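The primary structure of each chain is shown beneath.
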Amino acid sequence: MSLPMMKNYINGDWVDSNTATYGDVWNPAKGEKIAQVPYGTKEDVDAAVKAAKKAYWEWRTTPPLSRARYLFRLKDAFEENFEEIAEVLTTEQGKAIDESRGEVRRMIENVEHATGVTTLMCGYTLEDIAKDIDCYGHRQPMGVFAAIVPYNFPAMVAWWFLPYALVSGNTYIVKPSEQVPMTQTKIFEIMEEIGLPEGVVNMVHGAHDVVNGLLDHPDIEGISFVGASPTAKYIYQQCCATGKRVQALGGAKNIVAIMPDADIEQGMPSLTTSFFGCAGQRCLSGSVLVPVGDVADELVEKFVAAAKDIKVGNGLDEQTFMGPVISAAHKQRVLDYIEKGIQEGAKLVLDGRDFKVEGYPKGFFVGPTIFDNVTPDMTIASEEIFGPVVSIVRAKNLDEVISLVNTRNYANASCIYTSSGATAREFKYRVKPSMVGINIGIAAPMSFFPFGGAGNSMFGDTKGHGQEIFNFFTDTKVVIERWF
Ligand code: NAD
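Please read these numbers as outputs of a predicted model, since none were measured by experiment.

Here the phi dihedral of Cys278 falls at roughly 55°; this positive angle occurs in a residue that is not glycine. Inspection of the secondary structure puts Cys278 in the loop between helix H10 (264-276) and strand S13 (286-291). Residues other than glycine seldom take positive phi values, yet Asn439 does so here, at roughly 55°. Mapping Asn439 onto the fold places it in the loop between strand S19 (435-438) and strand S20 (454-455).

This is how it looks when you write it as structure tokens:
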């Protein structure tokens, strides 16, 4: 039986790519191919940009409240198809179904937040900046924007940008990850129901050629990128070279510190979710666990016990807490890091390498894996593994924790568990990462706050969603006015 082939969505039509190159889409729990995705070409990109450019002026002159009404309809359509989106997501990405539901919920929250456009996009005004002269500024849309997104959140990440781009009057192109193209395809099928004008939203499937086609295209005003740091840096540099706006969010190595006064019992469920949820494939996942002082032995014992209890399996099974990693190649990459940890002298206290899941012999599973006695200079304490592998670095005091956080190559998120307000304040004040959790293991801002890191975790200066996303998608035109 032939596998379904993903199509591009251009100018309100589902169209075949003109490529001769295709990739496979996998069900990572079963280790089976489930679809094919075209690796699109620059011609596909040209067609999408042409459609988006043609649609722009009419869309830009549609009143903001009318544009927002499409989003109200879209919210309803997403709610009606909520379970279906979550199921497609788990099938191709592998995460537990409840995590997919959480992701779809977060996606919808961005649609909801963007409907506040009439308030969020209001400009500035000041009378009498000089005698009889007034000054005011409009936020004006700019044209065609695009998003290039990663595999770990196939639904949500594109929607940190898309609803805001649309509601502010721009037209849009999404390039989903070639590893998980089905979820965004389902989302676009649902979006088709709300009757947006042709060309306002478009989707082109593919890999590097599509990305480079977007980066090189003179009619694209700006790019929102989310993915690994080397790719983010490349995207940033290319956009700067061609004068495009760019926000490029990259990888992470998040530290979670446990102070001696922390409530371990209450914190444990959120700790296991932080390190093993999404099989560690979250840019906000805990990666380095840092017990401070004499809490270490008790914490390690309880954390290992909790990790052993985790139910690993097919994400579509409601009992599953942790699914597989995305691919055979990524599984090998995670196993290589585990090997590296052993070679560098860390103590492997829970080994997930030969993990078997009954009924899924070909799935890309790695079991929960924990290293103790990791030192800050080891590879597994420094590089992003993006799998269910925890590196425990024991620290003597808060200064050591903060130094560890601020000397990582990344600065996305960091968390602390403590019952002291003073300790929490000192931590949040001094650490470099932009997202901080206090007695929270995943420091995920909601749609009305900005999302993004610092250092090598983000290139560019305007973050995702929140209020400031409107700055990214608009130019401020200031008028200085006098009447005689
Ligand atoms: P990736 O960088 O491999 O791919 C992301 C996108 O870039 C994909 O659409 C891919 O097709 C494209 N791409 C990849 N390499 C390219 C190249 N050399 N030239 C042109 N295009 C290229 O990332 P991924 O593996 O899909 O996602 C995982 C990474 O994303 C992790 O590092 C994770 O931390 C990061 N991430 C970050 C955030 C954040 O908010 N900072 C959120 C989610 C994921």
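Now that the structure is up, let's keep going.
On inspection of all chains with the given rule, the structure shows 18 aromatic pairs. Seen from their ring centres, Phe145 and Phe473 are 4.9 Å apart, and the 80° between their planes marks the pair as edge-to-face. Of the two residues, Phe145 sits in strand S7 (residues 144-148) while Phe473 sits in the loop between helix H15 (469-472) and strand S22 (474-481), which places them 328 residues apart along the sequence. Phe473 carries the same exposure label as Phe145, and that label is buried.

Next up on the list: the side chain of His205. Along the chain, His205 turns up in the loop between strand S9 (201-203) and helix H8 (208-216). By relative accessible area, which is 1% here, His205 ends up buried. If sequence neighbours within four positions are ignored, His205 has contacts with Met6, Lys7, Asn8, Val37, Pro38, Tyr39, Gly40, Pro176, Pro181, Thr185 and Val210.

Spatial strand order, S5-S6-S22: three strands in an open sheet with antiparallel pairing. Edge positions in the sheet fall to strand S5 (124-130) and S22, since each has one partner strand and no second. Across this sheet, the average inter-strand angle for adjacent strands is 20°, counted without regard to direction. Pairing of S5 with strand S6 (residues 133-141) involves four bridges; the strand directions are antiparallel. Residue pairing for S6: Leu126 is matched across the bridge by Cys135.

Let us look at the pattern of salt bridges. What the rule picks out here adds up to 27 salt bridges. Its salt-bridge partner being Lys396, residue Glu400 comes within 3.4 Å of it at the nearest N-O pair. Owing to a relative accessible area of 32%, Glu400 belongs among the partly exposed residues under this scheme. Residue Lys396 is classed as exposed on the basis of its relative accessible area, which comes to 67%. Counted as one network, the salt bridges with shared partners bring together Lys75, Glu79, Arg105 and Glu112.

Parameters and conventions
Residues numbered from 1 in each chain as written. Predicted model: local features only at pLDDT ≥ 70, side-chain atom pairs only at ≥ 80, totals over all residues. Heavy atoms only, no water. Helix = DSSP H or I, 4+ residues; strand = E, 2+ residues; numbered from the N terminus. Phe/Tyr/Trp six-rings, centres within 6.5 Å; stacked < 30°, edge-to-face > 60°. Buried < 20%, exposed > 50% of the residue type's maximum accessible area, 1.4 Å probe, protein only. Contact = heavy atoms within 4.5 Å. Pairing = 2+ DSSP bridges. Axes fitted to C-alpha atoms, helices over the stretch in contact; angles between N-to-C directions. Salt bridge = Lys/Arg side-chain N within 4 Å of Asp/Glu carboxyl O.

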